[in-house]
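# What the coordinates show
Here is what each chain is made of, one letter per residue.
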Amino acid sequence: MSVRNAAAGLPGPGRDEDTTLLFERAHYRHDPCWLLPVPPRVCLACMVELLPEPCVSLVRKKHVLSCFRDALLRHASLVMQLVAQDQRICIHFISTLFGLLCNVEDGSVTDLCIEVLIQLTTQLKLEQIIHCLLDECHKELCNMPSMRGSLATLTLLGKLVDAIPPLADKLVMEHSDLMEHLLRGLVYPNEGVQASVCYLYGKLYSSPVAAEILLGHFREKLCPLFLFTLDGAQTKELQINCLGLLRQLLKYDLFVSVIMNKSVLADSTEDVEGLPGETSLPLVLKKLLLSRDETLQVASAHCMTAVLVHSPLKHAPAFIHADIPEFLFEHLSSSSEVLVWSSYNCLILLAEEPLFFSKCHTVYGIESVVRSLQGSLRMNNTELHKQGLLLFAEILTRQPEEIKLFTSSAMCRDAGRALQEAVSSPVLEVAAEAVKAISAFLRKDHQSVPPVQYRELRALLEAMLSRCADFSQTPLNRRPLGHASSRDSEKSILRRGKFLLSTLEGFRNACRLAVEFQSEPSAQENPFTAPSAEKEDTLEDFSEFLLTACDSLCIPMVMRHSEQATHPNLMEVFLSILHSLFVIAPHMKEKFSKKLASSSFIRLTLELKARFRNSLSHSALNQVCSNFLYCMSLNLLSAPEKTGPPSQEELSVASAFLQQGLPQISSRSPESLAFLSDRQYVEGTARQRQYSTLLLFYLAYIHEDRFVSEAELFVAVQSFLLSLQDQGERPPLVVFRASIYLLAICQDKDGALDESVVSAIRKFLEDIPDLHLVYTHHPLLLRFFLSYPELMSRFGHRVLELWFSWEESSYEELDDVPSAGQSPLPASLTALFRMLRSSPSILLILLDLIYSSPVDTARKVVIVLRTFLRKNEDVEVSGLIRGHFLLILQQLLMEHGASPSGASGNLPLLLSLLSLVQLKNTSEQELDSMAMKLLHQVSKLCGKCGPADVDILQPAFNFLYWSLHQTTPSSQKRAAAVLLSSTALIELLEKTLVLTWTKGASPSTTLLCSAWLLTASFSAQQHDGSLQVHQKLSVELDQVLKVLSFPKKKAALLSAAILCFLRTALQQNFSSALVALVPSGPQPPPASENTVLAPLRISQVLSLVIGLQNLLVQKDPLLSYACVGCLEALLDYLHARSPDIAFHVVSQPWNRFLLFTLLDAGESSFLRPEILRFMTLLVRFQSSSVLGHEEVGHVLQAAALADLSTLSNNTRQALHGFLLQVQSMGLLADHTTAHTLQASLEGLTLSSSSTQPPLDMLCLGGVAVSLSHIRD
């Protein structure tokens, strides 16, 4: 049915309809069903009749098409319903539109026709319509004598295939002869037609099926025409469409090969008649790259990239020979991010070709890359940052070493700063690419441009490590949402691991750089630094920085990450860094190794070897672990903490078995212990592995990393030693040292070695030249040797000597502690004291050490024994020590009788210890035969010495003095008899006393003190016991009195000792059988009053009294005791010969001034015993002018008010004596006070008699002193 018939009988158009959209003369015949129900009110039947009508103006036709197009866009479904009512009408309508398209030359109308046709075809989706349209196009192109009018048809086909991609395959398969017409269009001299042809080709080749079918067509016909067209294209449209077609072609490897092969042959191919000459694609693209159109430049770079993607090594040379990299580098300075990004991509692919570097394109373009990178980092384009860094990394990585990339230090510095800025980026992907670039940047050939910028390198590494540390410390998002959140957490850990690995690789390259620069003298420091300037920018500083950075940043980061995951590649790089640091900082390698060992790195490395032992892919990790353990072990052995440095031979042996054994260690600790315990026959290789395992355990234990069970290790080491003995082997010294140390450390308190093991150890030790070769300083090792009699008897002396030689405690401070409990002991001494308490026989070895060891060691032993005796009062060892000392002394006198002072420099130390032992004895203890023998031997020793042998005489005099005063009266008499029998000793005392006033002599004050005290003691004991005197001792009385009148400064103890001697002489009325007081020279005839006082003269008495008064004013307690005692003896001596002189001496006004000076020390100063005794003396000799009745009463009243319980026994005794003296002289005014005071004193005396007696024996400044001897 025709349209006209379909519309018959319908009324004419209404007044409201748009008459321009309707064909008025025919519309009244049209059925309303062809009228669009919504604006624009388009009638399809009117359009079918109006569009081919020649009398209708083109403007109206264009308007109608435009409205219909708008209706298609606005009411697509209604229009489709309208068109699809009748398929014949629809086909006729499309034919009408196609006819209009082919017959109209107006471009806007043809564009509308094409748009409407495309819309209708895609919306209807009817095969018949599509076939109809394709057939029309095919017929049109075939019937066209010239390609002049083919533009619209070709454009329609291109857009139709673009809108319906499957049409490409249909068009190629069912209308294959169209390709010939397309070739005609491509050579037609109209760039519009050529552009349409290229556009259509592009859509056809976008289909893989069509592209495969058209491969032969392209290879044989299209390729040269297309390249020629692309090369000669002038309009933007043709250029864009050609590049579009090229992009489609470059998706396929076969087409790329065809095009690039044509390009290679382009220069050698002659033109064929009728065909244009062949053109090279790289040159064409270079031409576009050099254009000023940014779009063409970007498209050109994209096409190059598309070619290179298929095979950079195959196709890159053509582009490089065309000098394209040079212009790509130039484009990096463009402000267009797209162009820069495209250039980056192309250059990255070109960088895979070695020719890219050998032609020095990188040297030319590196500055552009650095500047472009600096500029791009200021933008917010993350992808641009990544691509720029990727290109930079590729260039840095692939640049040949023989071609220097950076020609100046300034350029190298700029590159480093750009990388520093990039690695600080908050975007992780950018920072990751920057880290990779930094890793490539840290190459010797990149950094060897003088001067080496160590400071810049340090800043770059700090930025990289800081960025990695920040990322590693970012908390993981741990949400309890099941498997999904777990996967996210795993991904986060994996990302951190990758970033950390890249960072460590960069740091490893920095370490490698430092190692390589060690052999470059010019790289040691900046040669342009002034000689007087501080040289900071040096390799040494950089090396120390690497060590510090690894210690403070790398190690903590790796350890934190290893708690979450262990990546073998990461640990391989990490351990290689640690290994290289031993070479980088050789002066710090021992200290660094100790820190690593104490941080459980031996355990960590062994666990890595065991965990990844079964994988061949991790053989490199095993090797790195072995190398690291090897170097660290040798470093630790070379600078041991608690043992002597090994010899070079020992290190060589250790190096040999470590090199062989470490790579074989790949088992966990229990397996290693089982292997170490194997008692079966062990071959050489397995034995080396045992040696290495044992040495690692030793180094770990000595640095407090006890990752193996002590009990199991104890058993394993025993089995190991027995295995060596069974096979008749001797372990290397370093291995045996490790074995003994581990046995000592792992031995339980109640456990013990088997006798067979002890015997084996002894045999091994006997084969060693000296114990120091296997000694390790530790209290448990000392206990180990001293716990087994078989070892202690043979090696106890040497091991104790080694112990004290290694002790670093401040023993001098320990010796200054006056009593036990005031200062905590070092742990090592506490352990030693426990051994001494459990086995006192060790003391005998210590005594031998004092005698035979070097002075420093002996002094330590003496101090230790002194401290032990002070802090262990309950341990009775005096008999043991004295007996052994007697043997030593007898041996010494027998071997060195003529000159004992030259026998041993440690003899004074032994004597001082003997004095201390003597001091520990209780006062009322009889001297046994051992003590008498010691007295005899010591006195004999003293007799063989001279006054200059102070070191020997001082402790010897102390011992003799204490022996005399710290025993019972009967023993004192026996001891004095023994000592008086030594004429050599008496002669020595006489020689020593003379030195007190000899001019030019510089005697020891302490020795003089002891000599005067001993002389006083000998004289008193001889006089009291009427002992036989074998040798008299002469003393110049004048000199004694002179010394007391003019005492030396800071010699209070010496004055007290001389006063003690003078008091003894006065008490004996100068009639001692031992001491002869002789005048200093010829004396004038004595006066009558002097005859009475002989051998004293009145002037000497007065001078002595003045001297005593002056000494009393010093208010030294011990000196005051001696002064008062001497004054008492002097007054008794004077009173017995001339009471008037005695009264005259007491009544001197100076005594009253002296008394008030003494009382001026405080409110209770009168309660000091020496002042009470002085006042008693004044009362006794009735010196009322000095101390009157009223003053005596005040003293007694004040004493009655005082708290007497707080007073010492000496003070109470002196107060009691003062009270009795006052009573006897009848000076009491208030008897009640006196009786009350006396009752209190007697009660306190009774209560104090049961308490412990006060300390009498003291050592003051090295001088043995008995307070009772000086006081009484």
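All figures in this text were calculated on a predicted structure; none of them were measured in a lab.

A few words now on the overall build of the protein chain. Tallying secondary structure elements over the protein chain gives 65 helices and four strands in all. Per-residue burial for the protein chain yields a buried fraction of 54% across its 1272 residues. In the protein chain, of all internal contacts separated by at least 6 residues, the share reaching a separation of at least 24 is 75%. About 54,800 Å² of surface is accessible on the protein chain, with carbon and sulfur atoms providing 52% of the total.

Take N635: it is sitting in helix α34 (residues 619–638). A relative accessible area of 7% places N635 in the buried class. Setting aside its immediate chain neighbours within four residues, N635 contacts F582, K589, E590 and S593.

Here the structure, examined in full by the defined rule, presents 26 salt bridges. Across the salt bridge formed by R706 and E710, the nearest N and O atoms sit 3.0 Å from each other. Take R706: its relative accessible area is 32%, and that puts it in the partly exposed class. Linked through salt bridges whose partners overlap, the residues forming this network are D770, R798 and E801.

Pairing of strand β3 (residues 1257–1260) with strand β4 (residues 1263–1266), which is carried by four bridges, proceeds in the antiparallel orientation. Bridge pairing links L1260 to V1263 in β4.

Before going further, it helps to examine the packing of helix α60 (residues 1149–1159) against helix α61 (residues 1169–1180). Between α60 and α61, the least distance of the axes is 11 Å, while the angle of their chain directions is 155 degrees. Judged by the angle between their axes, α60 and α61 are roughly antiparallel. At the point where α60 passes α61, the crossing takes the left-handed sense. Seen from α60, the contacting residues are N1151, L1154, L1155, L1158 and L1159; seen from α61, they are I1171, F1174, M1175 and L1178.

Turning to the packing of aromatic side chains, a few remarks are in order. Under the definition given, this model contains 28 aromatic pairs. Measuring from centroid to centroid gives 5.3 Å for Y698 and Y741, while their planes differ by 85 degrees, and the two rings are edge-to-face. Note that Y698 is positioned in helix α37 (residues 684–702) and Y741 in helix α39 (residues 733–746), a separation of 43 residues in sequence. Y698 gets classed as buried once you look at its relative accessible area, which sits at 2%. Where F785 meets F795, the ring centres are 6.5 Å apart and the plane angle is 80 degrees; that geometry is what we call edge-to-face.

Residues M173, V209 and I213 make up a contiguous nonpolar surface patch of about 280 Å² in total accessible area. The topology assignment puts I213 in helix α13 (residues 208–213).

Moving on: the nonpolar core. If you look at the biggest cluster of nonpolar residues, it comprises 444 residues, and the most contacted ones within it are L120, F406, L546, L578, L765 and F957. The contact partners of F406, leaving out residues within four places of it in the chain, are I366, F392, L396, M411, C412, A415, F441, H446 and V449.

This part is about helix α33 (residues 601–611). The buried fraction of α33 is high, at eight of eleven residues. For α33, the set of buried residues is F601, I602, L604, T605, L606, L608, K609 and A610. On its buried side, α33 packs onto α30 (539–562), α31 (568–584), α32 (589–598), α34 and α37.

What follows covers unusual backbone geometry. At the junction of A1094 and P1095, the peptide bond is cis and its omega measures out at 10 degrees in the coordinates. For P1095, the location among the structural elements is in the loop between α56 (1088–1093) and α57 (1098–1113). Not every positive phi belongs to a glycine, and C360 is a case in point at roughly 65 degrees. By the element assignment, C360 lies in the loop between α22 (354–358) and α23 (361–376). Classification of C360 as partly exposed rests on a relative accessible area of 35%. For K1115, which is not glycine, the phi torsion reads 60 degrees and is therefore positive. Among the structural elements, K1115 can be located in the loop between α57 and α58 (1117–1137). For K1115, a relative accessible area of 31% gives the class partly exposed.

An α-helix turns once per 3.6 residues; consequently, residues spaced three or four apart project the same way. For helix α40 (residues 755–766), built from twelve residues, the straight-helix expectation of 16 Å at 1.5 Å per residue is met to within 8% by its first-to-last C-alpha distance of 16 Å. By the burial criterion, the buried members of α40 are V757, V758, A760, I761, F764 and L765. Mapping the buried residues of α40 onto a view down its axis gives an arc of 160 degrees, with all of them on the same face.

A few words on the environment of T503. By the element assignment, T503 lies in helix α29 (residues 483–517). Residue class for T503 comes out buried when judged on its relative accessible area of 0%. Linking T503 and C468, residues 35 residues apart in sequence, is a C-alpha distance of 7.0 Å. Contact partners of T503, with chain neighbours within four places excluded, come to V435, M464, L465 and C468.

This part takes up the environment of L1096. With respect to the helices, strands and loops of the structure, L1096 is situated in the loop between α56 and α57. The class of L1096 is buried, set by a relative accessible area of 2%. Taking the C-alpha atoms as reference points, L1096 and L1037, 59 residues apart in sequence, are found 8.6 Å from one another.

Bringing the confidence of the model for the protein chain into the picture now. Scored by pLDDT, the protein chain comes out at a mean of 83, with 88% of its residues at no less than 70. Per-element confidence in the protein chain ranges from a low mean pLDDT of 38 for helix α1 (residues 3–6) to a high of 95 for helix α26 (residues 428–441). A low-confidence stretch, residues 1246–1252 stays under pLDDT 50, and its non-local contacts, those more than four residues away or across chains, total two contacts.

Before going further, it helps to examine the side chain of T96. Inspection of the secondary structure assignment puts T96 in helix α6 (residues 87–103). Polar contacts involving the side chain of T96 include one to the main-chain carbonyl oxygen of H92, which spans 2.7 Å. Apart from residues lying up to four places away in sequence, T96 is in contact with V48, L51 and P52.

Disulfide: a covalent bond connecting the sulfur atoms of a pair of cysteines. Evaluation of the coordinates by the stated rule reveals zero disulfides. A disulfide-free cysteine, C554 has its sulfur positioned 4.8 Å from the sulfur of C550, the nearest such atom. According to the relative accessible area criterion, C554 is buried, its value standing at 0%.

It is worth spelling out the environment of L865 at this point. Locating L865 in the fold gives a position in helix α46 (residues 855–871). Taking C-alpha positions, L865 is 7.7 Å from L913, a pair spaced 48 residues apart along the chain. Setting aside residues up to four positions removed in sequence, L865 forms contacts with L843, L846, I850 and L913.

Rules used throughout
Residues numbered from 1 in each chain as written. Predicted model: local features only at pLDDT ≥ 70, side-chain atom pairs only at ≥ 80, totals over all residues. Heavy atoms only, no water. Helix = DSSP H or I, 4+ residues; strand = E, 2+ residues; numbered from the N terminus. Buried < 20%, exposed > 50% of the residue type's maximum accessible area, 1.4 Å probe, protein only. Contact = heavy atoms within 4.5 Å. Areas by Shrake-Rupley, 256 points an atom, 1.4 Å probe, with all protein chains shown as cover. Salt bridge = Lys/Arg side-chain N within 4 Å of Asp/Glu carboxyl O. Pairing = 2+ DSSP bridges. Axes fitted to C-alpha atoms, helices over the stretch in contact; angles between N-to-C directions. Parallel < 35°, antiparallel > 145°, perpendicular 65-115°, else oblique. Left-handed = near helix turned anticlockwise from the far one by under 90°. Phe/Tyr/Trp six-rings, centres within 6.5 Å; stacked < 30°, edge-to-face > 60°. Patch = residues over 30% accessible without salt bridge, like charges linked within 9 Å, V, L, I, M, F, W, Y side chains within 5 Å. Core = buried A, V, L, I, M, F, W, Y, C linked by side-chain atoms within 4.5 Å. Expected span 1.5 Å × (residues − 1). Arc of directions from axis to C-beta. pLDDT = per-residue confidence, 0-100. Polar contact = N/O pair within 3.5 Å; in protein donor to acceptor, adjacent residues only side chain to side chain. Disulfide = S-S within 2.5 Å.

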